[in-house]
Amino acid sequence: MPGRRPLELIIATYNQGKIREVQEALEGLPLQLRYLSEFPHVSAVSELGQTYEENAVLKAIGYAKQTGVCALADDSGLEVNALDGRPGVFSARFGGEHASDGDRIKALLSQLAEQAHSDRAARFVCCMALAGWQSTEAANQQDEPHLLTATEARCEGAIAYAPRGENGFGFDPVFLPTGYQKTFAQLPNEIKASISHRAQALAKIRTFINSWIITA
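Owing to the predicted nature of the structure, the values given are computational and were not obtained by experimental measurement.

Basis of the calculations
Residues numbered from 1 in each chain as written. Predicted model: local features only at pLDDT ≥ 70, side-chain atom pairs only at ≥ 80, totals over all residues. Heavy atoms only, no water. Salt bridge = Lys/Arg side-chain N within 4 Å of Asp/Glu carboxyl O. Helix = DSSP H or I, 4+ residues; strand = E, 2+ residues; numbered from the N terminus. Buried < 20%, exposed > 50% of the residue type's maximum accessible area, 1.4 Å probe, protein only. Expected span 1.5 Å × (residues − 1). Arc of directions from axis to C-beta. Contact = heavy atoms within 4.5 Å. Pairing = 2+ DSSP bridges. Axes fitted to C-alpha atoms, helices over the stretch in contact; angles between N-to-C directions. Right-handed = clockwise from strand over helix to strand, strands pointing away.

### With respect to the pattern of salt bridges
Inspection of the entire model under this criterion finds 15 salt bridges. The salt bridge partner of Glu8 is Arg34, with a shortest N-O separation of 2.2 Å. Highlighted residues: Glu8 in strand β1 (residues 7–11) and Arg34 in strand β2 (residues 31–35), separated in sequence by 26 residues. Among the residues examined, Glu8 registers a relative accessible area of 26% and is labelled partly exposed. Judged by relative accessible area, which is 16%, Arg34 ranks as buried.

In structure tokens form, the structure reads like this:
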């Protein structure tokens with residue numbers, strides 16, 4: 001609608017890789033993207049859920065409540081068949097609370113090496129949750145934010161025997177998506193942006209936001 005103010009939306013993560021992917025996925029929408037770094041008073045929302053969706057919803061509602069801005073949060077993880085689906089929802093803390101991406105990859109490959117005939121099939125799973133208010137009036141009245149929508153997507157693949165590639169983050173250097181001989185960290189951004197778990201979940205969020213803005 002001409003003259004309408006862009007919707008404020010906070011990308012509820014400090015992970016720069018995720019922030020970049022969200023920015024790219026939502027480009028062109030009438031949004032004013034905000035960032036947690038703009039809100040120094042904000043306290044981290046604990047991931048106490050047992051599923052990706054529970055954690056994503058906790059973060060989206062928690063950050064929307066603290067900032068007064070609609071919030072988009074995600075929870076994602078890597079599930080490996082040989083490890084009975086681990087690390088799963090604990091992917092970000094795999095290898096230790098303060099482990100680096102490199103530490104987590106080493107821990108993953110080490111555990112797989114201990115399996116005699118390991119099934120290296122794996123998948124990335126991502127749930128995105130959008131929380132806020134149905135109207136500006138509700139936000140101004142300080143009503144509690146609520147879940148607006150949540151989406152989930154998966155990307156099937158396998159775990160490589162050693163890290164490859166310099167792009168990406170997290171477990172990207174050891175994840176070989178089905179149909180490709182390169183890891184996520186080796187693939188061009190435009191390919192990853194069309195097949196990754198987060199890209200697929202964000203595509204659904206984009207569709208929701210686009211229709212929501214039009215009808216709001």
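Past the structure itself, the notes keep going.
### Digging into helix α3 (residues 101–113)
An ideal rise of 1.5 Å per residue puts 18 Å on 13 residues; α3 measures up with 18 Å between its terminal C-alpha atoms. Listed in full, the buried residues belonging to α3 are Arg104, Ile105, Leu108, Leu109 and Leu112. Viewed along the axis of α3, the buried residues span an arc of 130°, placing them on a single side of the element. The exposed set on the far side of α3, more than 90 degrees from its buried face, consists of Lys106 and Ala113. For α3, the secondary structure elements touched by its buried residues are β3 (70–80) and β5 (146–159).

### Here we look at the sheet that holds β3
What the six strands build is an open sheet, ordered β2-β1-β3-β4-β5-β6; its pairing is mixed. Either end of the sheet is taken by a strand with one partner, and the two such strands are β2 and β6 (175–177). Neighbour to neighbour, the strand axes of the sheet diverge by 35° on average, direction disregarded. Bridge analysis of β5 against β6 gives three bridges, and the strand direction is antiparallel. Among the inter-strand pairings, Gly157 is bridged to a residue of β6, identified as Pro177.

### A word on the environment of Ile209
Note on placement: Ile209 falls in helix α6 (residues 197–215). Counting along the chain gives 200 residues from Ile209 to Leu9, while the straight-line C-alpha distance between them is 10 Å. Once you skip the residues sitting within four places of it in the chain, Ile209 turns out to touch Leu9, Leu29, Leu31 and Leu130.

### What about unusual backbone geometry?
Between Arg86 and Pro87 the backbone carries a cis peptide bond, its omega angle lying at 0°. Phi is positive for Asp84, close to 55°, though the residue is something other than glycine. Along the chain, the position of Asp84 falls in the loop between β3 and α3. Judged by its relative accessible area of 70%, Asp84 is exposed.

### Observations concerning the pairing of β2
The side chains of a regular strand alternate between the sheet's two faces. Of the strand pairs in this sheet, β1 and β2 are connected by five bridges, and their pairing is parallel. Looking at the pairing, Leu9 lines up with Leu33 of β2. One crossover worth recording links β1 to the parallel β2 by way of helix α1 (residues 16–25), and it is right-handed.

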